[in-house]
Structures are given as C-alpha cells and as structure tokens.
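Coordinates in review
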Amino acid sequence: MSSFRFAVNVTPKPGILDPAGRAVEGSLGHLGIDGVHDVRIGRRVELTVEADDETGARDVVDRLAGELLSNPLIEAFAVEPLGAASSAVSAGAGER
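Quick look at the structure, then. Just so we're clear, the structure is a prediction, and the values are computed from it rather than from any experiment.

Further remarks concern the side chain of D18. With respect to the secondary-structure elements, D18 resides in the loop between β1 (2–12) and α1 (19–27). An unpaired buried charge is present at D18: no salt bridge exists, and R40, the closest side chain of opposite charge, is 4.2 Å distant. Polar side-chain contacts of D18 include one of 2.7 Å to the backbone nitrogen of I41. Leave out the neighbours within four places in its chain, and D18 touches P12, V39, R40 and I41.

What the rule picks out here adds up to six salt bridges. One continuous salt-bridge network, built from bridges that share partners, spans R5, R44, E46 and E80.

Our next topic: the side chain of R5. Structurally, R5 can be placed in strand β1. Polar side-chain contacts of R5 include one of 3.2 Å to the side chain of E46. A polar atom in the side chain of R5 sits 2.7 Å from the side chain of T48.

What follows covers helix α2 (residues 54–69). Here α2 has its buried residues at A57, V61, A65 and L69. Along the axis of α2, the buried residues cluster in a sector spanning 75°; they form a single face. Seen from the buried face of α2, the exposed residues on the opposite side, beyond 90 degrees, are T55, R63 and E67. Residues of α2 that are buried make contact with β1, β2 (43–51) and β3 (75–83).

Across soluble globular proteins, nonpolar side chains show a tendency to be buried alongside one another. Ranked by size, the top nonpolar core spans 12 residues in total: F4, F6, V8, V10, L47, V49, A51, A57, V61, A65, L69 and V79. Residue assignment for this core shows that the elements contributing at least two residues are β1, β2 and α2. Non-local contacts of F6, meaning those with residues more than four positions away in its chain, are made with V45, E46, L47, V49, E54, A57, R58, V61, V79, E80, P81 and L82.

Conventions we followed
Residues numbered from 1 in each chain as written. Predicted model: local features only at pLDDT ≥ 70, side-chain atom pairs only at ≥ 80, totals over all residues. Heavy atoms only, no water. Helix = DSSP H or I, 4+ residues; strand = E, 2+ residues; numbered from the N terminus. Buried < 20%, exposed > 50% of the residue type's maximum accessible area, 1.4 Å probe, protein only. Lys, Arg positive; Asp, Glu negative; His and termini not counted. Salt bridge = Lys/Arg side-chain N within 4 Å of Asp/Glu carboxyl O. Polar contact = N/O pair within 3.5 Å; in protein donor to acceptor, adjacent residues only side chain to side chain. Contact = heavy atoms within 4.5 Å. Arc of directions from axis to C-beta. Core = buried A, V, L, I, M, F, W, Y, C linked by side-chain atoms within 4.5 Å.

Dropping the structure here:
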C-alpha cells in the first residue's frame, strides 16, 4: 500500500447565501482595498489515504467529500491531489 495526500475544498454552491463572504467583502473598503468582489468563504480538509493506487485513494476521498465533509444540498467540493510531499506550511507572508 502507498500513501496519497489530498485536499478537499468545500465552498457554498453558487446562489447559496454566504454571510461570512459578505462580511469579508463588506470590510474591504475599511482596509482601502478596491476591486475585490464575489468573496466566498469555505473550508479546506487535508488528508492522507492508504491505498493500492491513486485511483482507489481518490475514490475514498470522493466518497468522504460527498457523504461526510460537505452538505450536497448547499455545498460543492473539489478534490486536489497534493502528492507525496508534506503539506505543512512554514511561516510565510500570511503568518505573523
């Protein structure tokens, strides 16, 4: 068996009210930021799956995303393969 890393990005479906996104968008003017619109707030889940091959691992992730990690009535998800490298983030521009 091998290990496969994936990220599942979950966001509200188009047309579904996103109060958090609207709040962020409403605050942009106070920060002097122009030209940003259609802000949507979601969540990201990263996971490692043990499987015989990437197709089998992807099948597991698709099932988890559709049945557990998202609400199919109001949310959409996208699965992103991350490869074998660690997804740990070092302190960068976004962290203080």
